[in-house]
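Observations on the three-dimensional arrangement
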Amino acid sequence: MLFPTARKQPFTHQPTERLTFNTMCKPADSSKDMAHHMPRPRHVLSALVPPFANGLINPPYTIRKILLLIFLTSIISFVSLYSFHRGFRRTVQFWRGMAPLVLKYKFVKFRAEKIDHCSPEELERRLNVYRETSAPRLVDLILRLGGIYVKIGQVMSTIGQGLL
């Protein structure tokens, strides 16, 4: 014999319970067939979620839960981008330094036009005073970031001289 064969046992028919929808869909017994039992998707998700956020993934899904999940996802995305993407980090550093300057400029202009009702000459004088005080901060920001920001600063400095 080329390939040995196992001894054949005689086939005996053993009665089993009738297969119905209820018998096919009942949960698996913990003592037997546990290896074949697949957990429901909610259990899989809750294994991946930290215990403090476990209530967020369970129904009912309210507007508050959805907004909180979007907020948490945004924070995680921002932190990972800031940590691992150099260009994104430089952009955030630029706007962190630039946003206060822009907001203060807009406030000076708004106050002069809407609140104090200044003449155009007085508005120009206030803006010139603001430019004098904010210019060193802007130059420090651009020099600290270096690279393309220095080139942009050089181009912006030529605009006032009529070269562009």
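As shown above, the structure is provided for reference.
Keep in mind it's a predicted model, so treat the numbers as computed, not measured. (Residues numbered from 1 in each chain as written. Predicted model: local features only at pLDDT ≥ 70, side-chain atom pairs only at ≥ 80, totals over all residues. Heavy atoms only, no water.)

**Here's the deal with helix 4 (residues 86-115)**
Stated precisely, the cut-off is as follows: Helix and strand assignments follow DSSP, with helices taken as H or I runs no shorter than four residues and strands as E runs no shorter than two, numbered in order from the N terminus. Under the convention used throughout, the expected extent of a helix is 1.5 Å for every residue step, that is, one less than its residue count. At every residue, the bend is computed as the angle between two fitted axes, covering the seven residues ending there and the seven beginning there respectively. With a 1.4 Å probe rolled over the protein chains alone, any residue whose accessible area is under 20% of its type maximum counts as buried; one over 50% counts as exposed, and the rest are partly exposed. The contact definition used throughout considers only heavy atoms, calling two residues in contact when any of these lie within 4.5 Å.
With 30 residues, helix 4 extends 42 Å between its outermost C-alpha atoms, agreeing within 8% with the 44 Å of an ideal straight helix rising 1.5 Å per residue. At Met98, helix 4 shows its largest kink, close to 35°, and the proline Pro100 lies no more than four residues downstream. Among the residues of helix 4, those classed as buried are Arg90, Val92, Phe94, Met98, Leu101, Val108 and Ala112. Buried positions along helix 4 lie against helix 3 (63-84), helix 5 (120-145) and helix 6 (148-159).

**Points about a nonpolar patch on the surface**
Note the threshold: Patches here are clusters of residues that have more than 30% relative accessible area and form no salt bridge, with a 9 Å joining cutoff for like charges and a 5 Å cutoff for nonpolar side chains (Val, Leu, Ile, Met, Phe, Trp, Tyr). All accessible areas in this document rest on Shrake-Rupley with a 1.4 Å probe, and a residue is counted as covered only by the protein chains that are shown. Salt bridge criterion: a side-chain nitrogen from Lys or Arg within 4 Å of a carboxyl oxygen from Asp or Glu.
A surface patch of nonpolar side chains, about 520 Å² in accessible area, is lined by Leu68, Phe71, Leu72, Ile75, Phe78 and Val79. Topologically, Val79 is positioned in helix 3.

**Topic: the nonpolar core**
Applied cut-off: We call a set of buried Ala, Val, Leu, Ile, Met, Phe, Trp, Tyr and Cys residues a nonpolar core when their side-chain atoms join them within 4.5 Å.
Of all hydrophobic cores here, the largest spans 12 residues; its members are Phe94, Met98, Leu101, Val108, Ala112, Leu123, Leu127, Tyr130, Leu141, Ile142, Leu145 and Tyr149. Within the residue set of this core, elements represented by two or more residues are helix 4 and helix 5. Residue contributions to this core peak at 6 residues, all from helix 5. Excluding residues that lie within four positions of it along the chain, Tyr130 makes contacts with Pro100, Leu101, Val102, Lys104, Tyr105 and Val108.

**Quick word on the packing of aromatic side chains**
We describe a pair of aromatic rings using the distance from one ring centre to the other and the angle between the two ring planes. Our working rule: Classification of ring pairs uses Phe, Tyr and Trp, with its six-membered ring standing for Trp, and accepts pairs whose centres are within 6.5 Å; under 30 degrees between planes counts as stacked, over 60 as edge-to-face, and the remaining range as tilted.
This model, assessed by the stated rule, comprises 5 aromatic pairs. Both rings, one in Phe94 and one in Tyr149, keep their centres 5.1 Å apart while their planes meet at 20°; by these two values the pair is stacked. Taken together, the residues Phe94 in helix 4 and Tyr149 in helix 6 connect sequence positions 55 residues apart. In this structure, Phe94 and Tyr149 share a single accessibility class: buried. Residues Tyr105 and Tyr130 carry aromatic rings whose centres are separated by 6.2 Å and whose planes lie at 45° to one another, so their mutual orientation is tilted. One end of the pair, Tyr105, is in helix 4; the other, Tyr130, is in helix 5, with 25 residues separating them in the sequence. Of the residues examined, Tyr130 reaches a relative accessible area of 9% and is grouped as buried.

**Here's the deal with the packing of helix 5 against helix 6**
Selection rule: For helices, the fitted axis covers only the stretch in contact; all axes are lines through C-alpha atoms, and the angles between them, taken along N-to-C directions, range from 0 to 180 degrees. In what follows, roughly perpendicular refers to angles from 65 to 115 degrees, roughly parallel to angles under 35, roughly antiparallel to angles over 145, and oblique to any angle outside these ranges. Residues were grouped as follows: Ala, Val, Leu, Ile, Met, Phe, Trp, Tyr, Cys and Pro as nonpolar; Asp, Glu, Lys and Arg as charged; and all remaining residues, including Gly, as polar.
Running from N to C, helix 5 and helix 6 cross one another at 140°; their axes reach a closest spacing of 7 Å. If you check the angle between helix 5 and helix 6, you find them oblique. Between helix 5 and helix 6, the residues in contact are Ile142, Leu143 and Leu145 and Tyr149, Val150 and Gly153, respectively. When grouped by side-chain class, the residues that make up the contact of helix 5 with helix 6 number 5 nonpolar, 1 polar and no charged.

**Structural notes on the environment of Tyr149**
A relative accessible area of 13% places Tyr149 in the buried class. A sequence separation of 59 residues divides Tyr149 from Arg90, and the C-alpha atoms of the two residues are 9.9 Å apart. Non-local contacts of Tyr149, meaning those with residues more than four positions away in its chain, are made with Arg90, Thr91, Phe94 and Ile142.

**A closer look at the pattern of salt bridges**
Evaluated as defined, the whole model comprises 5 salt bridges. Notably, a salt bridge pairs Asp116 with Arg111, separated by 3.6 Å at the nearest N-O pair. Residue Asp116 is classed as partly exposed on the basis of its relative accessible area, which comes to 32%. Judged by its relative accessible area of 41%, Arg111 falls in the partly exposed class. A cluster of three or more residues bridged by salt bridges with shared partners is formed by Arg111, Asp116, Glu122, Arg125 and Arg126.

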